[in-house]
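Listed here are the chains, written in short residue letters.
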Amino acid sequence: MTRPLHRVISGMRISGNNHDLWDSQMKDKTEKEDLDRNRHRYLSLKFPFRVLLPDSNSPSKYGTSENGFASDPFSIGTPRSRNKFTLLLLKLSLVVILVLALTGSFWWTISISTSSRGQILHNYRRLQEQLVSDLWDIGELSLGSSRLKDVEFCSQESENYVPCFNVTENLALGFSDGNENDRHCGQGSRQNCLLLPPVNYRIPLRWPTGRDVIWVSNVKITAQEVLSSGSLTKRMMMLDEEQISFRSSSMFDGVEDYSHQIAEMIGLRNESNFIQAGVRTILDIGCGYGSFGAHLFPKQLLTMCIANYEASGSQVQLTLERGLPAIIGSFSSKQLPYPSLSFDMLHCAWSALIGTKKVLVPNGIFLIEVDRVLRPGGYFVWTSPLTNARNKENLKRWNFVRDFAENICWEMLSQQDETVIWKKTTKRNCYGSRKPGSGPSICSRGHDVESPYYRPLQACIAGTQSRRWIPIEERRTWPSRSQLSKSELAIHGLHSEELAEESENWRTAVHNYWSLLSPLIFSDHPKRPGDEDPSPPYNMLRNVLDMNAHFGGFNSALLEAGKSVWVMNVVPTTGPNYLPLILDRGFVGVLHDWCEAFPTYPRTYDLVHAAGLLSLESGQQRRCTMLDIFTEVDRVLRPEGWVIIHDAAPLIELARALTTRLKWDARVVE
């Protein structure tokens, strides 16, 4: 069975038959010379030191005697005198060498500084990492043709398979009380096979049309699930045989009125003034199908949807299909993979999360996690029938939530109908001024981890000791926020010159990348890729996954270039953690271990970008293979999607060899 639609890589277009690509590249002298130059540059960086050895076939400078030893131009006197003279010279030479060696060693020892010691250790670690990388390369290549079989297709029943979120398997393992919805990545949680798209799959409509209309066959949802949806963002959809429409006038008016109500409750004229109030990023918990975020997006507000895994009628899957940020996540037992103080607003509408017994335990652990990821001065918006409780049981729950919010230094700004808005304190000393025993304690330094990775929920207040404790009103407003001030960069250990240099590099890279995203480079037209080719439209891509985001420069450059994209900035757990910096710039992102499955549904990204990821992973202990990572990329990539891999030449060669097994169309470009 062949894949009905295309895929693509880094200069690599993904699909079809790759044998003609290999033949044409071997025959193309110009491309070969470019690749050789690229490989030489890589090797020159990889081996910066050179040892010069004389050629054994070259004549000696002084000639050679018949017995094979070099003749000495300085020989004097008889053999006996020559022997005495030679011994004397040897003794003197040894003394001089010993004195010089001791003197040099002494001065080197006293002159070495702490920084140079650190440099030596750094270089030693680099050599160790390079050794691991070389062994990885040798191991991959030594397996030869036995490893070069095409990756098989998964069964059709697996078309919506999400590793690590198998509720049936989790229940069988004994997880319950909501924990069965949590993420559990075991040894057998991933499949190294290629997921087939649904039989009637169709390429999503381009933004912004695709925000309002999606193809029914692309998502797993039933008509009954649409009709029985209970939330504001779910219940006003229009369903026909082929499409789901989110642009009915009643729905638009309902979301607009709701957003306007929230703005007025905060004290703003309308939702367009959220930016001026310091709001840029919003975490929408149990987001329905993303209509709240869809309405706010044109106002430069970036809303990240997070919801439980659902086998059918998934909030996350439909939100991503609309071209809006979303990720699978659960508050049941583990902290979210976000740093403390990450979002300007948290929104939770018609969600059952807070109404469950799990959340309303005496320690209020759900509200504590909300407080952790909320920035100082940020807003928590909660819409629930519980706020208008009339019966005794629900009234007791509501009183608990209201009292607990006060005990964690939240100020209730307003309550209208079923919506309540709290504002988190901007003053750290508020927690110390509480009555003893009136609320959760402040986390100790050992428990106050800034960037937890699926750690169990904590019953203490985190983030109060962070240097990033900056009220949202004191931060730059968007879009100036993306260029952090010197004082903000200093918090992350960076200088403004470093960020400026990376930004300039990515501006150039995005310009070059965009010219490669034309299908013409994979045809036999006589022109080389470049400015001659028609540039792809600004809305060619929508959902972008950056697998190794670093400072978020790729995201920034795409926005500066006017592309209609949003970027999921992923910071690998195996590298430096720049996720707090990325979130402080007004972008969205998440921590992730790429030896595990990404928490999203299949076919959710138009472009997957990986710059330096293979080098980063090759320097780690071998927990997974390059094939594991690539099959996961294949799972999350949409048919006709693109992959751009930017890395060292030997690793690109390994990657290109894998693309044939994944049935991708690939090109290597310098």
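Quick notes on the rules
- Residues numbered from 1 in each chain as written.
- Predicted model: local features only at pLDDT ≥ 70, side-chain atom pairs only at ≥ 80, totals over all residues.
- Heavy atoms only, no water.
- Helix = DSSP H or I, 4+ residues; strand = E, 2+ residues; numbered from the N terminus.
- Buried < 20%, exposed > 50% of the residue type's maximum accessible area, 1.4 Å probe, protein only.
- Contact = heavy atoms within 4.5 Å.
- Areas by Shrake-Rupley, 256 points an atom, 1.4 Å probe, with all protein chains shown as cover.
- Disulfide = S-S within 2.5 Å.
- Lys, Arg positive; Asp, Glu negative; His and termini not counted.
- Salt bridge = Lys/Arg side-chain N within 4 Å of Asp/Glu carboxyl O.
- Polar contact = N/O pair within 3.5 Å; in protein donor to acceptor, adjacent residues only side chain to side chain.
- Phe/Tyr/Trp six-rings, centres within 6.5 Å; stacked < 30°, edge-to-face > 60°.
- Lys NZ or Arg CZ within 6 Å of the ring centre and 35° of its normal.
- Pairing = 2+ DSSP bridges.
- Right-handed = clockwise from strand over helix to strand, strands pointing away.
- Axes fitted to C-alpha atoms, helices over the stretch in contact; angles between N-to-C directions.
- Left-handed = near helix turned anticlockwise from the far one by under 90°.
- Nonpolar A, V, L, I, M, F, W, Y, C, P; charged D, E, K, R; others polar.
- Parallel < 35°, antiparallel > 145°, perpendicular 65-115°, else oblique.
- pLDDT = per-residue confidence, 0-100.
- Core = buried A, V, L, I, M, F, W, Y, C linked by side-chain atoms within 4.5 Å.

Visitor: Whenever I open this one, the overall build of the protein chain confuses me. Can you help?
Guide: Per the secondary structure count, the protein chain includes 20 helices and 18 strands. With 670 residues in all, the protein chain has 51% of them scored as buried. Within the protein chain, residue pairs in contact and separated by at least 24 positions form 74% of the contacts whose partners lie at least 6 positions apart. As displayed, the protein chain has an accessible area near 32600 Å², and 56% of this comes from carbon and sulfur atoms.

Visitor: Honestly, helix α19 (residues 626–636) in this entry has me stumped. Any pointers?
Guide: Two residues of an α-helix separated by three or four positions point the same way, owing to the 3.6 residues in each turn. Counting buried positions along α19 gives 11 out of 11 residues, so the element sits mostly inside the fold. Those residues of α19 that sit buried are Met-626, Leu-627, Asp-628, Ile-629, Phe-630, Thr-631, Glu-632, Val-633, Asp-634, Arg-635 and Val-636.

Visitor: Sorry, what's going on with the state of the cysteines here?
Guide: By definition, a disulfide links two cysteine residues through a covalent bond between their sulfur atoms. Enumeration over the complete set of coordinates arrives at 6 disulfides. Each disulfide pairs two cysteine sulfurs, and for Cys-287 the partner residue is Cys-305, the sulfurs being separated by 1.9 Å. On the sign convention where negative means left-handed, the S-S torsion of about -50° between Cys-287 and Cys-305 marks this disulfide as left-handed. Taken as a pair, Cys-287 in the loop between β6 (281–285) and α9 (291–296) and Cys-305 in strand β7 (residues 302–307) lie far apart in primary sequence, 18 residues in all. According to the relative accessible area criterion, Cys-287 is buried, its value standing at 3%. Using a relative accessible area of 3% as the deciding quantity, one classes Cys-305 as buried. The residue that forms a disulfide with Cys-409 is Cys-430, at a sulfur-sulfur distance of 2.1 Å. The S-S bond linking Cys-409 to Cys-430 shows a torsion near -100°; that makes this disulfide left-handed. Of the two residues, Cys-409 is situated in the loop between α12 (392–407) and β11 (410–416) and Cys-430 in helix α13 (residues 429–432); the sequence distance between them amounts to 21 residues.

Visitor: Where do I start with the side chain of Arg-322 in this structure?
Guide: Mapping Arg-322 onto the fold places it in the loop between α10 (315–321) and β8 (326–328). Put simply, Arg-322 is tucked away with no salt bridge, and the nearest opposite charge, on Asp-212, sits 4.2 Å away. One polar contact links the side chain of Arg-322 to the main-chain carbonyl oxygen of Tyr-289, over a distance of 2.9 Å.

Visitor: When you look at the packing of aromatic side chains in this model, what are you seeing that I'm missing?
Guide: The geometry of an aromatic ring pair is captured by the separation of the ring centres together with the interplanar angle, meaning the angle of the planes. With the rule as written, the count across this model stands at 22 aromatic pairs. Summarising the aromatic geometry, the rings of Trp-382 and Trp-422 are spaced 6.3 Å apart at their centres and angled 20° between planes, so their arrangement reads as stacked. With Trp-382 in strand β10 (residues 374–383) and Trp-422 in strand β12 (residues 419–424), the pair connects residues that are 40 residues apart, well separated along the chain. The pair formed by Trp-382 and Trp-422 is uniform in burial state, with each residue classed as buried. Taken together, the ring pairs in this structure connect Phe-380, Trp-382, Trp-398, Trp-410 and Trp-422 into an aromatic cluster. Sitting over the ring of Trp-207, Arg-211 keeps its end group 5.3 Å from the ring centre. A cation sits over an aromatic face here: Lys-663 above Phe-153, 4.9 Å from the ring centre.

Visitor: Sorry if this is basic, but what is going on with the pairing of strand β14 (residues 566–572) here?
Guide: Looking down a regular strand, the side chains alternate between one sheet face and the other. With respect to burial, β14 is a largely interior element, 7 of its 7 residues being buried. Where burial is concerned, the two faces of β14 agree: the one with Trp-566, Met-568, Val-570 and Pro-572 and the one with Val-567, Asn-569 and Val-571 are both buried. Looking at chain direction, strand β13 (residues 543–546) and β14 are connected through 4 bridges and run parallel. Along β14, the bridge assignment pairs Asn-543 with Trp-566. For the handedness criterion, the β-α-β arrangement of β14, helix α17 (residues 579–584) and strand β15 (residues 588–592) is classed as right-handed.

Visitor: When you look at the packing of helix α15 (residues 496–516) against helix α16 (residues 553–560) in this model, what are you seeing that I'm missing?
Guide: For any two helices packed against each other, one specifies the inter-axial angle together with the distance between the axes. Two numbers describe how α15 lies on α16: the axes approach to 8 Å, and their chain directions differ by 60°. When you trace α15 past α16, the crossing you get is right-handed. For the pair α15 and α16, the contacting residues are Glu-502, Trp-506, Arg-507, Val-510, Tyr-513 and Trp-514 in the first and Gly-553, Phe-554, Ala-557, Leu-558 and Glu-560 in the second. Residue composition of the contact of α15 with α16, grouped by class: 7 nonpolar, 1 polar and 3 charged.

Visitor: What's the story with the pattern of salt bridges in this structure? I'm lost.
Guide: Pairs may arise between side chains of opposite charge once their charged atoms sit close together. Throughout the structure, instances matching the rule amount to 20 salt bridges. Measuring nitrogen to oxygen at the nearest pair gives 3.6 Å for the salt bridge that ties Arg-202 to Glu-242. Within this pair, whereas Arg-202 is found in the loop between α5 (167–172) and α6 (209–212), its partner Glu-242 is found in the loop between β4 (238–239) and β5 (243–245), the two being separated by 40 residues in sequence. The partner of Glu-653 in a salt bridge is Arg-656, and the shortest N-O contact between them spans 3.0 Å. Within this pair, Glu-653 and its partner Arg-656 are both found in helix α20 (residues 649–661), separated by 3 residues, close to a single helical turn. Note on Arg-656: relative accessible area 9%, which makes it buried.

Visitor: Which parts of the structure should I look at to understand the pairing of β10?
Guide: Of all the 10 residues making up β10, 10 are buried; the element is thus mostly covered by neighbouring parts of the structure. Both strand β9 (residues 343–349) and β10 contribute to a ladder of 6 bridges, which runs parallel. Its bridge partner lying in β10, Met-345 is registered against Tyr-379. Direction of pairing for β10 relative to β12: antiparallel, over a ladder of 5 bridges. By the bridge assignment, Tyr-379 is partnered in β12 with Lys-423.

Visitor: Quick question: what am I supposed to make of helix α11 (residues 365–373) here?
Guide: Most of α11 is tucked away: 9 of the 9 residues are buried. For α11, the set of buried residues is Ile-365, Phe-366, Leu-367, Ile-368, Glu-369, Val-370, Asp-371, Arg-372 and Val-373.

Visitor: Looking at this structure, how should I read the packing of α19 against α20?
Guide: As a packed pair, α19 and α20 sit with axes 11 Å apart at the nearest point and diverge in direction by 55°. Considering the angle they form, α19 stands oblique to α20. Relative to α20, α19 is oriented so that their crossing is right-handed. Together, Met-626, Leu-627 and Phe-630 of α19 and Leu-651, Leu-654, Ala-655, Leu-658 and Arg-661 of α20 make up the contact between the two elements. Here the residues of the contact of α19 with α20 sort into 7 nonpolar, no polar and 1 charged.

Visitor: Would you take a moment to explain the confidence of the model for the protein chain for this structure?
Guide: Segments scoring low in pLDDT should not have their predicted coordinates read at a detailed level. Residue-level pLDDT values for the protein chain average 79, and 72% of them are 70 or greater. Here residues 142–146 is modelled with pLDDT under 50, and outside its nearest four sequence neighbours on either side it reaches 0 contacts, counting other chains as well. Contacts for the low-pLDDT stretch residues 352–359, under 50 throughout, to residues beyond four places or in other chains number 20 contacts.

Visitor: Help me understand the nonpolar core, please; the structure alone is not making it clear to me.
Guide: The nonpolar side chains of a soluble globular protein tend to be buried with one another. Core analysis: the biggest nonpolar cluster contains 86 residues, and Leu-283, Tyr-338, Phe-380, Leu-545, Met-568 and Phe-630 have the highest contact counts within it. With 6 residues, the single largest contributor to this core is α19. Residues Ile-266, Val-279, Ile-282 and Leu-301 belong to the second largest nonpolar core, which totals 28 residues.

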